[in-house]
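Next come the chains, spelled out residue by residue.
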Amino acid sequence: MKVTADRDRCMAAGHCVVTAPAVFDHGEDGLVVLLEPEPGEELRTAVETAEDLCPSRAIVVAAERAEVAGAE
Ligand code: SF4
């Protein structure tokens, strides 16, 4: 899973840090710092919850492209 956190959109609400502390942290400015841009699947629920809770839509979980054998 790939996730991005846009510091230009972040309003330092902190929901992501509480929801998925292994993936998100705060910088000294209070804005999100992405600790793990490719978290393991075991963290998917937490990361997707953080995406849903973020009030500024700064967190985006990339849509997974279906793996098709023989594609490309
Ligand atoms: S939940 Fe969103 S607005 Fe709040 S700290 Fe995280 S990225 Fe920033």
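Every value quoted in this text rests on a predicted model; they were computed, and no experiment measured them.

*Asks:* Where do I start with unusual backbone geometry in this structure?
*Replies:* Generally, phi is negative for residues other than glycine and the peptide bonds are trans, each holding for most cases. Backbone geometry places Ala 12, a non-glycine residue, at a positive phi of 60 degrees. Residue placement: Ala 12 occurs in the loop between strand E1 (3-5) and helix H1 (15-19). Its relative accessible area of 34% is what places Ala 12 among the partly exposed residues. One non-glycine residue, Arg 57, lies in positive phi territory at about 55 degrees.

*Asks:* Honestly, helix H2 (residues 44-53) in this entry has me stumped. Any pointers?
*Replies:* Within an α-helix, residues lying three or four positions from one another point in the same direction, as the helix has 3.6 residues per turn. Taken residue by residue, H2 has Arg 44, Val 47, Ala 50 and Glu 51 as its buried positions. Buried residues along H2 cover an arc of 130 degrees about the axis, so they all sit on one side. In H2, those exposed residues whose orientation departs by more than 90 degrees from the buried face are Thr 45 and Asp 52. Its buried side turned inward, H2 meets E1, H1, strand E2 (24-26) and strand E4 (59-61).

*Asks:* Can you help me understand the site of the ligand in this one?
*Replies:* Close contacts around the ligand come from Cys 10, Met 11, Ala 12, Ala 13, Gly 14, His 15, Cys 16, Val 32, Cys 54, Ser 56, Ala 58 and Ile 59, and that covers them all. Its residues assigned to classes, the shell around the ligand comprises 9 nonpolar, 3 polar and no charged.

*Asks:* Would you explain empty space enclosed by the protein in this entry?
*Replies:* In this approach the atoms are scanned with a rolling probe the size of a water molecule, which exposes any empty space left behind. Tallied over the entire structure, the rule returns 1 cavity of 30 Å³ or more. Space inside the largest cavity adds up to approximately 100 Å³. Taken together, 14 residues make up the lining of the largest cavity; nearest its centre are Cys 10, Ala 13, Gly 14, Cys 16 and Cys 54.

What counts as what
- Residues numbered from 1 in each chain as written.
- Predicted model: local features only at pLDDT ≥ 70, side-chain atom pairs only at ≥ 80, totals over all residues.
- Heavy atoms only, no water.
- Helix = DSSP H or I, 4+ residues; strand = E, 2+ residues; numbered from the N terminus.
- Buried < 20%, exposed > 50% of the residue type's maximum accessible area, 1.4 Å probe, protein only.
- Arc of directions from axis to C-beta.
- Contact = heavy atoms within 4.5 Å.
- Near = heavy atom within 4 Å.
- Nonpolar A, V, L, I, M, F, W, Y, C, P; charged D, E, K, R; others polar.
- 1 Å grid on protein atoms, 1.4 Å probe; cavity = no way out; pocket = protein on both sides within 12 Å on 5 of 7 lines; lining within 4 Å.
- Points joined across faces, edges and corners; volume = space filled by probe spheres on them.

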